[in-house]
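Structural overview for review
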Amino acid sequence: MCTRDRGLGVALAVLSGCGTAQDGTGSSTDVPESPRTQRAELMTQTVTVEAAADTHVVATTPTTSYGSSPTMEVDLSPESQAYLKFYLGDLPGTVTAAKLRLFALDGSGNGPQVSDPPGARNWNETDTWNTRPTWDGWVIANAGAVASGTWMELDVTRTHFYDNAHINYYLSADSTDGVTIASSEHPDPALRPRLVLTVESGEDHPIPVPPPLLASGPAVSFAPVADTFVAEDAPGAVNGASASLTADGSPRQEVHLRFSVQGLTETVQRAVLRLHASGGTEDGPAVYATQGNWSESSVTWSSRPAKVGQPLGDAQVIASGVSVEYDVTDLVRGNGEYSLGLYGTSGDGVTFQSREATDASRRPQLLVWTGAPKAAPTDACLTRTEFFSRVSYASDDTYVTQESPAGKFNTQASLRVDAEPRAESFLRFHVTLAPERIHRVVLRLFALDATGNGPRLYQASTFDGAVTDWDHRPASMANPLGDLGAVARDSWVEYDVTSLVTRSGEYAFSLLPDSTDGTSFASYEAMYEGILGGGVAPQLVVLYETGSFCSYRGTQPSGTTAWTRQSGGPLAERSRHVASAPDGGFAALSTVEQAPGTSPWAEQTDVVTLHRADGSVAWTRDFAQPGLDLRRVVVTSLGNVLVAGSYHGAPDLGKGALPQGSGMVVVKLTPSGAVDWTRGFVAWFDTYDEHINNPMDVFDLATDAHGSAIVVGTFWGYTDFGAGPLYSGKPYPYDDDYPNSFLLKLQWDGAHLWSKALKATTLRGTRASHVVVDAEENIIVGGWAGANTDFGGGAGPGSGPFVARWTASGTYTWHRVIPVWWSDLAGVGVLPDGRVAFAGHFGGRFTFAGQSYASSDPDDYEGGSRDGFLGLLSETGQDVALRQFALRPFNDLVVDAAGTLVTSRSGGSDLGLGAVGWTGDEWADRPALAAFGPDLEARWVRVLDKLDPWMQLTATPDGLVVSGHFREPVEMDGTWFTPMARREDLLRFKLRP
């Protein structure tokens, strides 16, 4: 039986023929270490595949088959050609290198060339010269001179490898000095042809979010005002005057430091605790915040401060004589006093220099970077500058090793750097710089292994990775550009190369070892082949600052900021919806990840928060039940909070389990946040032998003066809201079909009032996505309608964005469909005079109010790039007016009490008020807000910093509340905001009306 040994080193697998390892294939010889410090490179396996078939054919014996011959001939005189076939089976990863190994029984001064012939697939060992396959392939390797009794090793990495593939190679001669090769029938199995594959995978490497490239000035350094260590085996000892600090897990010893941060005038973007090790460890300590008063002149083990919360950081290998850095940004958020403790996580302790150390450069430091100084703009167009970054991935990278001087590793997924055995890595970038001012440039690498002493970076001469080996490696310049200290596994490291990268062109770098504690970094191949995921390749990141630009057009104070509030924690939190409250406050719905770094589509905790008018929090309610997905929130006239979403299973939200299955739920919370009632509804379809649980999705929620809940969404099959089964017109999800919609109204106590299904006969079903209620409690719904949708007045043929109205009791009054297929609606709203506003985007052509409209690319197969539109219907559903905005779709729409329409969108543009925003590709997705008067005239427009462009809006009596999230530092009105833990935080602000 063939076996495959999987491990963190190199494994061997013979996928065909069950042969033995050949010289040079290698095997794992790593000695296991502790789980925390084990070297965990990319999972690299050497997979050796024996030929499933091989033969040769000879022109002078055109009817003879040589499939059973123990040798193969390749020659021009007589002309002889050889064929080999390999079957791969399931590969344990991605092939990053491949060698065809053939044993030459009789050598040649000019060996064969190898082709990968697309046309030479259907052949077998019985073929002759007359029946040989034709081919139109290309040469991928050439043997050159071959000595008798030696192995030819031909690089065939250019072959396309995939699971269960039949790989064919064609060997031909380019001279009359032929070669004789051992075939798969050779009596000595060790000499038979082999295909040796290097297969790499990286499933054990989580990719953390890289640190933001700081838009800051130089770091401000703070020395500790006190430091000491305490020991459990000497509980009364005072060590505050010691020149060293020891942290250990057995016997337990703790390091304590206190810093006084003063004089910062901008928001902290990053804070790092830097310590210099005078003694190394294979497993460094973790750092925590601590609480409790202490003095270094008197603190002992018995009176030491207590650690608080989760670790801020955790070191791995630390070499003696190098520095180690802990990111403590989540603690150090501004001026103040901060106490930190270092706690051993193993019995391998470490010693650091204290503030009493003789060499001042090796004493502890707290390095703090703040946002680049900004002042709140005060001019008419809120003039400001902005920082943006561009990434250039390595155009070539490789490594070389002294132990394999002829080896070429440019297709490998990792870049090795080590002093023993000696390994050096090289990177080359082609950089096209933007015209804006360069603020900072860093070389960013993803470390696959921990090391106590990382490599030095040098400028190097240019190179071609395909021909680079130990004896032909680039030259390194004399002075290093940077030097790493301790490096953690699965972490990003940076070298500052601002002084070097000053103009467009090519830049080459070398990574040379600084110790025998080697490491490796992800290569471009790791990203390109999908081994480690997107963005993990070596990259040059350039941070620019724009010139001054107008970020606002209009008449102040409309659209200017009243207040801004950030909220968040160690887990990512993302904004989902926001709705105004009658007292001037608002309710917000957000989601919080349940474990650090999980996907936004993974199970989340839904959070409902009621805010006061100034943005402060009145109360918060969490819903962490599995299977729950809350989507919309609204506040009734009495201050109750209604929430709606979907679920699967039978979660209990506080009033008993919901009906088992898949469906939707409406929750009513009291003004203090207690659950008043829940109503769950499931969707299903029964076949002759199966009960199918169908999904339901909630898209919008509204309320009226009586506290009713009006919900729109989609469903499949049947559901029962309380008036008997309601059929969607589509039984269950399949192929490219899309569901139809429901419209539901529940009484203030959750009782069913009425419900409807909006059904189309097209594959793309009718999607009711927005709902509002007017002053007379009429219900206006917007969305996209498929053909033959019956809103209540009979089925209609058109497909496209729609707006429809029903009375409070559910009686149909009117609808309007704009017949353009490639389109969608972003929002609807009601003006004080009863007119209905709507916003969306389209690709194609339509007519509205007697005027024809065509998008920027209307004849494209799928509508081309989308244009935005903003329109008005009369109270009776008649066309009033519409404005088109080229290449600027809208994301949301709200209407305030004065009849002002406010929209959100991506990117600024000239709405007739003057240019706004910076020009360039980076600004196409900048969030922008625009306000329009009751007749669609532009009032004001404002472009914001790097928030997520899908912001949520709600109109309050005294302005507009905007809710969004961000994952890198952003600047608002001269103030920087930095997310916690390099994950998303919420940012909510109010704009003046």
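Residues numbered from 1 in each chain as written. Predicted model: local features only at pLDDT ≥ 70, side-chain atom pairs only at ≥ 80, totals over all residues. Heavy atoms only, no water.

Named according to an unreviewed UniProt entry, the protein is DNRLRE domain-containing protein originating from Pyxidicoccus fallax. One UniProt comment on the protein, placed under Subcellular location (unreviewed entry), says "Secreted". (UniProt positions renumbered as here; feature names shortened; annotations may be inferred.)

1. Considerations on the overall build of the protein
Within the protein one finds one helix and 74 strands. Buried residues in the protein amount to 57% of all 993 residues. In the protein, once contacts between residues fewer than 6 apart in sequence are set aside, the share between residues at least 24 apart is 69%. Taken as a whole, the protein presents about 38500 Å² of accessible surface, with 49% of it coming from carbon and sulfur. Computed over 71 positive and 116 negative side-chain charges, the inter-centroid distance for the protein is 7 Å. (Helix = DSSP H or I, 4+ residues; strand = E, 2+ residues; numbered from the N terminus. Buried < 20%, exposed > 50% of the residue type's maximum accessible area, 1.4 Å probe, protein only. Contact = heavy atoms within 4.5 Å. Areas by Shrake-Rupley, 256 points an atom, 1.4 Å probe, with all protein chains shown as cover. Lys, Arg positive; Asp, Glu negative; His and termini not counted. Charge placed at Lys NZ, Arg CZ, Asp CG, Glu CD.)

2. Focus: the packing of aromatic side chains
For the structure shown, the criterion picks out 33 aromatic pairs. Centre to centre, the rings of Phe388 and Tyr544 are 5.1 Å apart; their planes meet at 20 degrees, and the pair counts as stacked. Here the residue Phe388 occupies a position in strand β25 (residues 387-393), and Tyr544 occupies one in strand β35 (residues 539-545), the gap between them amounting to 156 residues. Both residues of the pair, Phe388 and Tyr544, count as buried. On the numbers, 5.8 Å between centres and 20 degrees between planes, the contact of Tyr524 with Tyr528 is stacked. Separated by four residues within a single helix, Tyr524 and Tyr528 lie in helix α1 (residues 524-528), roughly one turn from each other. Judged by its relative accessible area of 29%, Tyr524 falls in the partly exposed class. (Phe/Tyr/Trp six-rings, centres within 6.5 Å; stacked < 30°, edge-to-face > 60°.)

3. Regarding the pattern of salt bridges
Here the structure, examined in full by the defined rule, presents 46 salt bridges. The residue Asp879 makes a salt bridge to Arg816 at a minimum N-O spacing of 2.8 Å. On the criterion of sequence distance, the pair formed by Asp879 in strand β65 (residues 879-885) and Arg816 in strand β59 (residues 812-817) is long-range, its members being 63 residues apart. Across the pair Arg835 and Asp833 runs a salt bridge, and its minimum N-O distance is 2.9 Å. By relative accessible area, which is 43% here, Asp833 ends up partly exposed. Sharing partners across several salt bridges, the network here consists of Asp227, Glu296, Arg355 and Glu356. (Salt bridge = Lys/Arg side-chain N within 4 Å of Asp/Glu carboxyl O.)

4. Digging into the domain arrangement of the protein
Structurally, the protein comprises domain 1 (43-201), domain 2 (220-371), domain 3 (388-545), domain 4 (575-593 + 843-873 + 886-992) and domain 5 (619-817). With centres defined by C-alpha atoms, the gap from domain 1 to domain 5 works out at 64 Å. (Domains from an automatic or database assignment.)

5. Brief notes about the UniProt feature "domain: Carbohydrate-binding module family" (unreviewed entry) in the protein
In the numbering adopted here, UniProt assigns the feature "domain: Carbohydrate-binding module family" (unreviewed entry) to residues 46-198, 219-368 and 393-526. Overall, residues 219-368 shows 0% helix and 49% strand. The separation of its end C-alpha atoms is 5 Å. Here residues 393-526 is 2% helix and 43% strand, with 12 Å between the C-alpha atoms at its ends.

6. Remarks on the environment of Leu543
Relative to the elements of secondary structure, Leu543 occurs in strand β35. On the accessibility criterion, Leu543 (4% relative accessible area) is buried. Spatially, the C-alpha atom of Leu543 lies 37 Å from that of Ala357, the residues being 186 residues apart in sequence. Leave out the neighbours within four places in its chain, and Leu543 touches Leu213, Leu214, Ala215, Phe387, Phe388, Ser389, Arg437, Ile438, His439 and Arg440.

7. Here we look at the state of the cysteines
As enumerated under the stated definition, the model contains one disulfide in all. Here Cys381 pairs with Cys550 through a disulfide, and the sulfurs are 2.1 Å apart. Classification of the bridge connecting Cys381 and Cys550 rests on its S-S torsion, roughly -60 degrees, and on that basis the disulfide is left-handed. Placement of the pair is Cys381 in the loop between β23 (365-370) and β24 (383-384) and Cys550 in strand β36 (residues 549-550), with a sequence separation of 169 residues. Judged on exposure class, the residue Cys381 and its partner Cys550 are both buried. (Disulfide = S-S within 2.5 Å.)

8. A few points about the nonpolar core
Grouped together as the largest cluster of nonpolar side chains are 33 residues, with contacts concentrated most on Tyr169 and Leu197. Ranked by residue count, the leading element in this core is strand β6 (residues 94-106), at five residues. (Core = buried A, V, L, I, M, F, W, Y, C linked by side-chain atoms within 4.5 Å.)

9. Concerning the confidence of the model for the protein
Model confidence for the protein is summarised by a mean pLDDT of 91, while 94% of its residues fall at 70 or above. Note that pLDDT drops below 50 for residues 1-41; the model gives that stretch 91 contacts with residues more than four away or on any other chain. (pLDDT = per-residue confidence, 0-100.)

10. Let's talk about the sheet that holds strand β48 (residues 696-702)
Ordered by their spatial adjacency, four strands build an open sheet running β48-β49-β52-β53, and the pairing between neighbours is antiparallel. Taken across any chain shown, the strands that pair with only one partner, and hence form the sheet edges, are β48 and β53 (752-758). Averaged over all pairs of adjacent strands, the angle between strand axes in this sheet comes to 20 degrees, irrespective of strand direction. When β48 meets strand β49 (residues 709-715), the two strands line up antiparallel, connected through six bridges. The residue of β49 that forms the bridge with Met696 is Phe715. (Pairing = 2+ DSSP bridges. Axes fitted to C-alpha atoms, helices over the stretch in contact; angles between N-to-C directions.)

11. Looking at the sheet that holds strand β69 (residues 938-943)
With antiparallel pairing, the five strands of this open sheet are ordered in space as β37-β69-β68-β67-β66. Edge positions in the sheet fall to β37 (552-553) and β66 (890-895), since each of these pairs with one other strand and no more. Here β66 runs beside strand β67 (residues 901-906); their pairing, made up of five bridges, is antiparallel. Bridge pairing in β67 places Val895 opposite Leu901.

12. Some remarks on the environment of Gly535
With respect to the helices and strands, Gly535 occurs in the loop between α1 and β35. A C-alpha to C-alpha distance of 28 Å links Gly535 and Arg866, two positions 331 residues apart in sequence. Those residues in contact with Gly535 that sit more than four places away from it in its chain are Tyr393, Trp492 and Met527.

13. With respect to the pairing of β53
Bridge count for strand β52 (residues 740-746) against β53 is six bridges, and the pairing is antiparallel. Note that in β53 the partner of Lys745 across the bridge is Trp754.

14. Structural notes on unusual backbone geometry
At the junction of Ser250 and Pro251, the peptide bond is cis and its omega measures out at -5 degrees in the coordinates. With respect to the element layout, Pro251 can be found in the loop between β15 (244-249) and β16 (252-261). The omega angle of the peptide bond from Glu420 to Pro421 is -5 degrees, so this bond is cis rather than trans. Backbone geometry at Leu382 places phi at a positive 50 degrees, although glycine is not the residue there.

15. Observations concerning the pairing of strand β10 (residues 166-172)
Side chains on a regular strand alternate between the two faces of the sheet. Across the seven residues of β10, six count as buried, placing the element largely inside the fold. As paired strands, strand β5 (residues 79-87) and β10 are joined by six bridges and run antiparallel to one another. Bridge pairing in β10 links Tyr87 to His166.

16. Digging into the side chain of Ser515
Tracing the backbone through its elements, the reader meets Ser515 in the loop between β33 (505-512) and β34 (519-522). A polar side-chain atom of Ser515 sits 3.1 Å from the main-chain amide nitrogen of Asp517. Setting aside chain neighbours within four positions, we find Ser515 in contact with Asp418, Ala419 and Asn453. (Polar contact = N/O pair within 3.5 Å; in protein donor to acceptor, adjacent residues only side chain to side chain.)

17. Remarks on the environment of Leu382
Topologically, Leu382 is positioned in the loop between β23 and β24. Measuring from C-alpha to C-alpha, the distance between Leu382 and Gly349 comes to 55 Å, with 33 residues separating the pair along the chain. For Leu382, the contacting residues outside a window of four places in its chain are Pro377, Phe549, Ser551, Tyr552, Gln556 and Arg942.

18. Thoughts on the side chain of Ser520
Note on placement: Ser520 falls in strand β34. Reaching out from Ser520, the side chain makes a polar contact with the side chain of Asp449 at a distance of 2.6 Å.

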